[in-house]
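These are the residues of each chain, in order.
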Amino acid sequence: MARLVQSDLRTRLQEWIPKIVLAPSVASMLIFVYGFIVFTGYLSFTNSRILPTFDLVGWHNYWRLFQLPTWTIAVQNLAIFASLYIAICIAIGLSLAIFLDQKIRGEGLLRPIFLYPMALSFIVTGTAWKWLLDPGIGIEHTLHLWGWESFHFGWIKSSSMAIYTVVIAAVWQSSGFVMAMFLAGLRGIDNEILKAAQMDGASNWNLYRRIIIPQLRPAFLSAFVILAHLAVKSYDLVIALTGGGPGRATELPATFMYSYTFTRNEMGVGAASAVIMLMTIAAIMIPYLYAELKEPK
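## What to know about unusual backbone geometry
Keep in mind that most residues, glycine aside, have a negative phi and that most peptide bonds are trans.
Thought 1: The omega torsion of the bond from Gly 245 to Pro 246 falls at 0°, within 30 degrees of zero and hence cis.
Thought 2: Positionally, Pro 246 belongs in the loop between helix 11 (236–241) and helix 12 (253–263).
Thought 3: Even without being glycine, Asn 265 reaches a positive phi, approximately 55°.
Thought 4: Accessibility expressed as a relative area gives 28% for Asn 265, which makes it partly exposed.

Okay, here's the thing in structure tokens:
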């Protein structure tokens, strides 16, 4: 009887110990992630200023948000930044993956080199590229010292070109990660299919266009979702590189949200912009997750 009780107790402990260990993490996630998401959504319907208040004003903050020229500029900048960032990262990542998939010598050395930028924080990337692109201390200054006086590259100081410097820095950081995703997809393609196509006389161009690229659809989709998510929530890279300037030239929704919440003391409007950003990311993520769940294993 005692052995039966001990065995039953041991079984219950084996069932409950994992739950007890995970409980603090789950509780913290529910409170500090989903709890604050709900709280931010609530604040977007209040007249909160420097501190949260609970006086509901309905959709006033959202109406006011879309009337602000600064928000319009931030959305336009996001459209430029996200479209170029995603397209260039995918193009460079796919090209590098195809290059490395040729079983070239030194592949083991090149892979970490291409992936290294992703190990850096966006703050470090922004600061480093700010030094490189600043006409007073960066590439332009160096080339002037070497005697190339006619060289000028002042994009970071130009209101019409500064957003493209953010694209350059972001692409440099993320394209290696996209390369790794495509390389994993290329290495997962059945070689027998490729050999059969080559025996039928398919050229390399047709091989990639008709067989390889279509089979990389999951990698393309994953890369798009991850890059779009990074583009929408880009904040630290912009702050470190341009500070949102010159003027509002590199203002993005994330920098708008921070400035209106903590600098202008318009917490209700800032919360409304945060909810719009969340809805944008959800509109990207939910169809992707739904497709993944529906896909037969």
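There's more to say after this.
## Notes on the packing of aromatic side chains
Thought 1: Scanning all chains against the criterion turns up 16 aromatic pairs.
Thought 2: Centroid distance Phe 32 to Phe 36: 5.9 Å. Interplanar angle 25°. Geometry classified as stacked. Taken together, the residues span about one helical turn, with Phe 32 and Phe 36 both in helix 1 (residues 2–43) at a distance of 4 residues.
Thought 3: Taking the relative accessible area as the measure of exposure, Phe 32 reaches 55% and is therefore exposed.
Thought 4: Three or more aromatic residues link up through ring pairs in this structure, and these residues are Phe 66, Trp 71, Phe 256 and Tyr 260.

## Comments concerning the layout of surface pockets
Thought 1: One number sums up the size of the largest pocket: a volume of about 450 Å³.
Thought 2: The wall of the largest pocket is formed by 20 residues, among which Phe 36, Thr 40, Met 257, Ala 274 and Val 275 lie closest to the centre.
Thought 3: Among the elements of the structure, helix 1, helix 12 and helix 13 (267–294) are those that each provide at least two residues to the lining of the largest pocket.
Thought 4: It is helix 13 that contributes the most residues to the lining of the largest pocket, 8 residues altogether.
Thought 5: When its residues are assigned to classes, the lining of the largest pocket shows 15 nonpolar, 4 polar and 1 charged.
Thought 6: Approximately 300 Å³ is the volume attributed to the second largest pocket.
Thought 7: As for the second largest pocket, its lining consists of 13 residues, of which Asp 101, Asn 191, Leu 194, Tyr 208 and Ile 212 are closest to the centre.
Thought 8: Contributing elements (two or more residues each) for the lining of the second largest pocket: helix 7 (162–187), helix 8 (191–199) and helix 9 (204–215).

## Details of the environment of Val 269
Thought 1: Position of Val 269 relative to the elements: it lies in helix 13.
Thought 2: In contact with Val 269, not counting residues within four places along its chain, are Asn 61, Arg 64, Leu 65, Leu 68, Phe 256 and Tyr 260.

Quick notes on the rules
Residues numbered from 1 in each chain as written. Predicted model: local features only at pLDDT ≥ 70, side-chain atom pairs only at ≥ 80, totals over all residues. Heavy atoms only, no water. Helix = DSSP H or I, 4+ residues; strand = E, 2+ residues; numbered from the N terminus. Buried < 20%, exposed > 50% of the residue type's maximum accessible area, 1.4 Å probe, protein only. Phe/Tyr/Trp six-rings, centres within 6.5 Å; stacked < 30°, edge-to-face > 60°. 1 Å grid on protein atoms, 1.4 Å probe; cavity = no way out; pocket = protein on both sides within 12 Å on 5 of 7 lines; lining within 4 Å. Points joined across faces, edges and corners; volume = space filled by probe spheres on them. Nonpolar A, V, L, I, M, F, W, Y, C, P; charged D, E, K, R; others polar. Contact = heavy atoms within 4.5 Å.

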